[in-house]
Amino acid sequence: MLRTNNCGELNLAHVGNKVTLAGWVQKTRNKGFMIWVDLRDRYGITQIIFDEERTDKETLEMAQNLGREFVIQIEGTVIERESKNPNMPTGAIEILAESFKILNASKTPPFTIENETDGGEELRMQYRYLDIRRNPVRENLIFRSKVSLAIRNYLSSYNFIDVETPYLIKSTPEGARDFVVPSRMNAGEFYALPQSPQTFKQLLMVGGMDQYFQIVKCFRDEDLRADRQPEFTQIDCEMTFVEQEDILARFEGLLIHLLKEIKGVEVSDFPRMTYAEAMQKYGNDKPDIRFGMEFAELTDLAKGKGFPVFDQQELIVGIAVPGAATYTRKQIDALIDWVKRPQIGANGLIWVKCNEDGSFKSSVDKFYSQEDLQAWAASTQASAGDLILVMGGEVNKTRTQLSALRMELAEQLGLRDPEVFAPLWVVDFPLLEWDEESKRFHAMHHPFTAPKPEQMKLLATDPGAVNANAYDLVLNGNEIGGGSIRIHDAAVQETMFDLLGFTKEEAQAQFGFLMEAFQYGAPPHGGIALGLDRLVAILGGQETIRDFIAFPKNNSGRDLMINAPASIAATQLDELNLVLKPTS
Ligand code: ASP
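Remember, predicted model here, so these are calculated numbers, not experimental data.

Chemist: Which parts of the structure should I look at to understand the sheet that holds strand S5 (residues 93-104)?
Modeler: Two orientations exist for strands paired in a sheet by backbone hydrogen bonds: parallel and antiparallel. With mixed pairing, five strands are arranged side by side around a closed barrel as S1-S2-S3-S5-S4. Adjacent strand axes in the sheet meet at a mean angle of 55°, parallel and antiparallel pairs treated alike. Taken together, the six bridges between strand S1 (residues 18-30) and strand S2 (residues 34-41) define a ladder with antiparallel strand orientation. Within S2, the position partnered with tryptophan 24 by the bridge is arginine 40. Each of S1, S2, strand S3 (44-51) and S5 touches helix H1 (residues 57-64); the most contacted strand, S5, lies at about 70° to it.

Chemist: Help me understand the sheet that holds strand S22 (residues 525-531), please; the structure alone is not making it clear to me.
Modeler: Judged by pairing direction, the sheet is mixed, and its eight strands sit side by side in the order S6-S9-S10-S22-S21-S20-S17-S11 without closing on themselves. This sheet does not close on itself; its edge strands, each paired only once, are strand S6 (161-162) and strand S11 (272-274). Taken together, the nine bridges between strand S9 (residues 211-219) and strand S10 (residues 231-240) define a ladder with antiparallel strand orientation. Its bridge partner being in S10, tyrosine 212 is matched across the sheet by glutamate 238. The sheet strands contacting helix H5 (residues 198-206) are S9, S10 and S22, and the helix crosses S10 at an angle near 25°.

Chemist: How should I be thinking about the pattern of salt bridges in this particular structure?
Modeler: Note that side chains of opposite charge can pair when their charged atoms are close. Under the counting rule described, the total for this entry stands at 35 salt bridges. A salt bridge links aspartate 131 to arginine 124; the shortest N-O distance between them is 3.0 Å. One salt bridge connects glutamate 231 with lysine 553, and the closest N-O pair in it is separated by 2.9 Å. Highlighted residues: glutamate 231 in strand S10 and lysine 553 in the loop between helix H16 (532-539) and helix H17 (570-575), separated in sequence by 322 residues. Residue classification places glutamate 231 among the partly exposed residues on the basis of a relative accessible area of 24%.

Chemist: What should I look at first to understand empty space enclosed by the protein in this one?
Modeler: A water-sized probe, rolled over the atoms, reveals where empty space remains. Under the criterion given, the structure shown has two cavities of 30 Å³ or more. A volume near 40 Å³ is recorded for the largest cavity. If you go around the largest cavity, the residues you meet are Met125, Arg128, Phe551, Pro552, Asp559, Leu560 and Met561. Here the residues of the lining of the largest cavity are counted per class, giving five nonpolar, no polar and two charged. Roughly 30 Å³ of internal volume is contained in the second largest cavity. Along the walls of the second largest cavity sit Tyr282, Asn284, Lys286, Pro287, Asp288, Ser403, Arg406 and Met407, which together make up its complete lining.

About the cut-offs
Residues numbered from 1 in each chain as written. Predicted model: local features only at pLDDT ≥ 70, side-chain atom pairs only at ≥ 80, totals over all residues. Heavy atoms only, no water. Pairing = 2+ DSSP bridges. Helix = DSSP H or I, 4+ residues; strand = E, 2+ residues; numbered from the N terminus. Axes fitted to C-alpha atoms, helices over the stretch in contact; angles between N-to-C directions. Contact = heavy atoms within 4.5 Å. Salt bridge = Lys/Arg side-chain N within 4 Å of Asp/Glu carboxyl O. Buried < 20%, exposed > 50% of the residue type's maximum accessible area, 1.4 Å probe, protein only. 1 Å grid on protein atoms, 1.4 Å probe; cavity = no way out; pocket = protein on both sides within 12 Å on 5 of 7 lines; lining within 4 Å. Points joined across faces, edges and corners; volume = space filled by probe spheres on them. Nonpolar A, V, L, I, M, F, W, Y, C, P; charged D, E, K, R; others polar.

The structure is reproduced here in structure tokens:
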């Protein structure tokens, strides 16, 4: 070893020890006759001291030329510091240097390697290896490793087996767009990178593996929204001989275990909410229930009172914003402008102030009496001092808009405390979703999800009304996992493909292997996949998943460090039998 100790572990108990440390020069302070060097490694920082009286001349001179981020190895003795730094684990000691070696010099880094750096996002991504030297990034990666380990331990303790599934698979039309890989040996043919190991994990169940998990990369070629990565990591799981309840219990247990182990937070008995209820109460299938402001439907109360705007609406819905009756005209106008932005697209916002004296003041006083407004307040559960905000319009659109406003207000009011954890299950998702554009059904979850057994008959008559044994695990307004009980019967799977608009031939060509497998004693099974990147970010109390990925891609899907994607040589194209379309 090039060191006897790391830079984070020496303290007063080691005074007098001869030690060798290795690390990076964080900073130097040079008074000529005395030089201090902060030496850094993954474990911490230790102060090194060189001085005229105790260090030989040559070593002192060499130390004078040390630059930031030089890699050095130093030998010396642990001594007690005169002025101690109680904020550092090693703050009571320093190393009196006797000799040192420069293991490697460094160019001046393009940004400061400090907690608060002067480097912009792009520059930091380009030099990600330097960024990783900074405490916050390093700590996030260590944190991620800790979460992964806790997950593995939990799942292993319940007999889950880690099985790797292939990355070079076949493209399928369902779901997002695939990343494809040309095959050199099979001219004109392509592999696809998996969007998830879904069919493989099901085949492992047919293979009798019983309980499977994998912490696995998945790939989706989607238009990148903020904080999405084209490659991301899932905790992918599948279980045999289970019902929905068994899966919910096991994975509720996983999150309880993680919150306790990683955060020291105790949670129990996650609430359950049906998809329909989540949409009605929160306008959202991943509600943040750390705070209230639940939706109240005011359609019946608000229509027919002579307010023409509301009279034509399909849905009128409101929320009570706690303590916001004191909002000024300007503050309310800002909210109205906010919902009118194209990203939200609302026409406007009606407000009612619940005054402390029990009276109401609203933007629609001309149309609604105090009694009318009282009824709105009762419905939204508004108290004196609250502000009721009301929107009207087409059902789904209005719910989505009010949901966005609810989240924005919660942000403004500081109700989204990252140290509070409010998990829940959203269950009973519809099996299918009608797509107006293609005029056909899409699988709401994926084509392998089983209809609720008691609704099987409805499949033939009213498929849109069928619910699935599908569930999402939601944490603080984020979907952190989703799964379902699967179809394990070849005939049902065939019906499903038919409903999704596949011809028999297409279904056979795409998924023949699965339907075939179902004819060899496929057991009942189900599973779930959790997004590791997001889960880690939430547990870490942060918003951006990029901060928890060692080498993330930017918002245009580029890796700025290695500069990918990139063109390939003509010879490579040739080998792959690819011809590029000329770019005009
Ligand atoms: N494969 C699914 C997904 O990636 C999860 C599951 O159903 O287990 O969303």
